[in-house]
Amino acid sequence: MKLVFAGTPEVAVPALDALIASGRHEVAAVVTRPDAPAGRGRRLVASPVAERAEEAGIEVLRPAKPRDPDFLERLREIAPDCCPVVAYGALLPRVALDVPAHGWVNLHFSLLPAWRGAAPVQHALMAGDEITGASTFLIEEGLDSGPVYGTVTETVRPTDTSGDLLTRLAFAGSGLLAATMDGIEDGSLKAVPQPADGVTLAPKITVEDARVDWAAPALRVDRVVRGCTPAPGAWTTFRGERLKLVQAVPAPDRTDLPPGRLAAGKNNVHVGTGSHAVELLWVQAQGKKPMRAADWARGARIAEGELLGG
């Protein structure tokens, strides 16, 4: 088939690579978000998908919105058979959905109908899911509600951050997306409607969602830290300033600290929660680089009885 691939961040690159490498289909063009300012100089930088497409000599389309007339005209000129999508980042209007004969097929990082929305991996971790996965489905105008072509499953590991899990799903899902394109092309694969039961939503994680509640049990604190790493980053406050929690682990043997109470030893830092303590391993103070929590605590000269989140 002739394909137009839509995607933007680094997590979409493995799927693009898999389609380029398959040799069975032609990736005629890539659709991605416009170049965005980045870094201290705020210079415009191409998306990871745009950079990879340009390396491969593939045409890159950067519409401000996917309903822009110039973009739609070019899409019709290319006349793709199907448009695979991975984390494109914009809603597709009906006028665009109707262009390819086989529609737009999304690789979504959950086992649909669980975790429909922008942040499925983060929500799966924060909810304590033991198994997650990826799904390919036909995009409709509803939120991740279209019929499903296929799935792959992935075990959630006890120390996974959302970054760890998303990286594994990106590579596992790339093979699923390539196989889905093959099955659509030869007619061996038919999309199956999602069940009505089991629908859960995964809206974008806000900065406030990532704030740690020290009155919650240690298990919940652990899930929030891992689910919000690397983005948007779990955080708390210390002496009125924000402190990012880069890495923390439950410390079930430490039960003497009330919620939020800090205890800094020579080589460790513990914080009380609503159950047992957690040990901070890496933190990032406001305006500073990430550092080992013990080094941060020595520099801060934590006094007895001081709190996080105060």
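Residues numbered from 1 in each chain as written. Predicted model: local features only at pLDDT ≥ 70, side-chain atom pairs only at ≥ 80, totals over all residues. Heavy atoms only, no water.

Visitor: How would you explain the packing of aromatic side chains if you had to name every residue and give the values?
Guide: A complete count under the given rule lists one aromatic pair for this structure. A ring pair is formed by Phe 238 and Trp 296, whose centres lie 5.1 Å apart and whose planes are at 70°; its orientation type is edge-to-face. Of this pair, Phe 238 sits in strand β10 (residues 235-238) while Trp 296 sits in helix α8 (residues 293-300), placing them 58 residues apart in sequence. When sorted by exposure, Phe 238 lands in the same class as Trp 296, which is buried. Taking the ring centre of Trp 235 as reference, the NZ or CZ of Arg 242 above it sits at 4.0 Å. (Phe/Tyr/Trp six-rings, centres within 6.5 Å; stacked < 30°, edge-to-face > 60°. Helix = DSSP H or I, 4+ residues; strand = E, 2+ residues; numbered from the N terminus. Buried < 20%, exposed > 50% of the residue type's maximum accessible area, 1.4 Å probe, protein only. Lys NZ or Arg CZ within 6 Å of the ring centre and 35° of its normal.)

Visitor: Account for the UniProt feature "domain: Formyl transferase N-terminal" (unreviewed entry) in the protein, naming residues and giving values.
Guide: Feature annotation in UniProt assigns "domain: Formyl transferase N-terminal" (unreviewed entry) to the following positions: residues 1-177. Secondary structure content for residues 1-177 is 31% helix and 26% strand, while the C-alpha to C-alpha distance between its ends is 13 Å. (UniProt positions renumbered as here; feature names shortened; annotations may be inferred.)

Visitor: Requested: an account of the sheet that holds strand β1 (residues 2-7), with residues and values cited.
Guide: Within the open sheet, the seven strands sit side by side as β5-β2-β1-β6-β7-β8-β9. Their pairing is mixed. Looking at strand neighbours, the two that pair on one side only are β5 (59-61) and β9 (148-155), the edges of this open sheet. Ignoring strand direction, the axes of neighbouring strands in this sheet form an average angle of 20°. Judged from the seven bridges that link them, strand β8 (residues 131-138) and β9 form a sheet pairing that is antiparallel. Counterpart to Thr 132 in the pairing with β9 is Glu 154. Against the sheet, helix α3 (residues 69-78) makes contact with β1, β2 (26-31), β5 and β7 (104-108), and its axis sits at roughly 145° relative to β5, the strand it touches most. Against the sheet, helix α6 (residues 162-186) touches β1, β6 (83-86), β7, β8 and β9, its axis set at about 155° to β9. (Pairing = 2+ DSSP bridges. Axes fitted to C-alpha atoms, helices over the stretch in contact; angles between N-to-C directions. Contact = heavy atoms within 4.5 Å.)

Visitor: Quick rundown of helix α2 (residues 48-55)? Include the residues and the values.
Guide: Within α2, burial applies to Val 49, Ala 50 and Ala 53. Down the axis of α2, the sector holding all buried residues measures 100°, keeping them to one side. Buried residues along α2 sit against β1, α1 (13-22), β2 and β5. Gly 57, located one to two residues past α2, shows a positive phi value of around 75°. (Arc of directions from axis to C-beta.)

Visitor: Quick rundown of the side chain of Ser 47? Include the residues and the values.
Guide: Structurally, the position occupied by Ser 47 is in the loop between β4 (43-45) and α2. A distance of 3.0 Å separates a polar atom in the side chain of Ser 47 from the backbone nitrogen of Ala 50. Each residue touching Ser 47, except ones within four places of it in the same chain, is listed here: Thr 8, Thr 32 and Asp 35. (Polar contact = N/O pair within 3.5 Å; in protein donor to acceptor, adjacent residues only side chain to side chain.)

Visitor: Just give me the short version of the nonpolar core, but keep the residues and values in it.
Guide: Residues Phe 5, Leu 177 and Met 181 are the most contacted members of the largest nonpolar core, which totals 35 residues. Residue assignment for this core shows that the elements contributing at least two residues are β1, α1, β2, α2, β7, α5 (120-126) and α6. It is α6 that contributes the most residues to this core, eight residues altogether. The residues touching Leu 177, leaving out its near neighbours within four places in the chain, are Phe 5, Ala 15, Leu 19, Pro 84, Val 86, Val 105, Leu 107 and Thr 136. Grouped together as the second largest cluster of nonpolar side chains are 30 residues, Met 126, Ala 210, Cys 228 and Trp 296 included. (Core = buried A, V, L, I, M, F, W, Y, C linked by side-chain atoms within 4.5 Å.)

Visitor: Let's hear about unusual backbone geometry: which residues, and what values?
Guide: With omega at 15°, the peptide bond leading from Thr 229 into Pro 230 counts as cis. The omega angle of the peptide bond from Ala 231 to Pro 232 is 0°, so this bond is cis rather than trans. Summarising the element assignment, Pro 232 is placed in the loop between α7 (218-227) and β10. With a phi angle near 50°, Ala 87 is a residue other than glycine that sits in the positive phi range. Along the chain, Ala 87 falls in the loop between β6 and α4 (94-97). In this structure Ala 87 comes out as partly exposed when scored by relative accessible area, which is 34%.

Visitor: Help me get a handle on the domain arrangement of the protein, residues and values and all.
Guide: On domain assignment, one finds that the protein holds domain 1 (2-186) and domain 2 (207-300). On a C-alpha basis, the centres of domain 1 and domain 2 stand 34 Å from each other. The contact between domain 1 and domain 2 buries some 800 Å² in all, and 50% of this surface belongs to carbon and sulfur atoms. The interface formed by domain 1 and domain 2 contains zero salt bridges. At the junction of domain 1 with domain 2, the criterion picks out seven residue pairs in polar contact (both at pLDDT 80 or more). Counting residues per element, the ones that place at least two in the side of domain 1 that touches domain 2 are α5 and α6. At three residues, the largest contribution of residues to the side of domain 1 that touches domain 2 is made by α5. (Domains from an automatic or database assignment. Buried area = accessible area lost by both parts, 1.4 Å probe. Salt bridge = Lys/Arg side-chain N within 4 Å of Asp/Glu carboxyl O.)

Visitor: Just give me the short version of the pattern of salt bridges, but keep the residues and values in it.
Guide: Taken as a whole and judged by the stated rule, the model has 17 salt bridges. One salt bridge connects Arg 62 with Asp 35, and the closest N-O pair in it is separated by 2.9 Å. Residue Arg 62 is found in the loop between β5 and α3, and its partner Asp 35 is found in the loop between β2 and β3 (36-38); the two are separated by 27 residues along the sequence. Owing to a relative accessible area of 31%, Asp 35 belongs among the partly exposed residues under this scheme. A salt bridge links Arg 298 to Asp 295; its shortest N-O distance comes to 2.3 Å. Placement of both Arg 298 and Asp 295 in helix α8 is noted, with a separation of three residues, approximately one turn of the helix.

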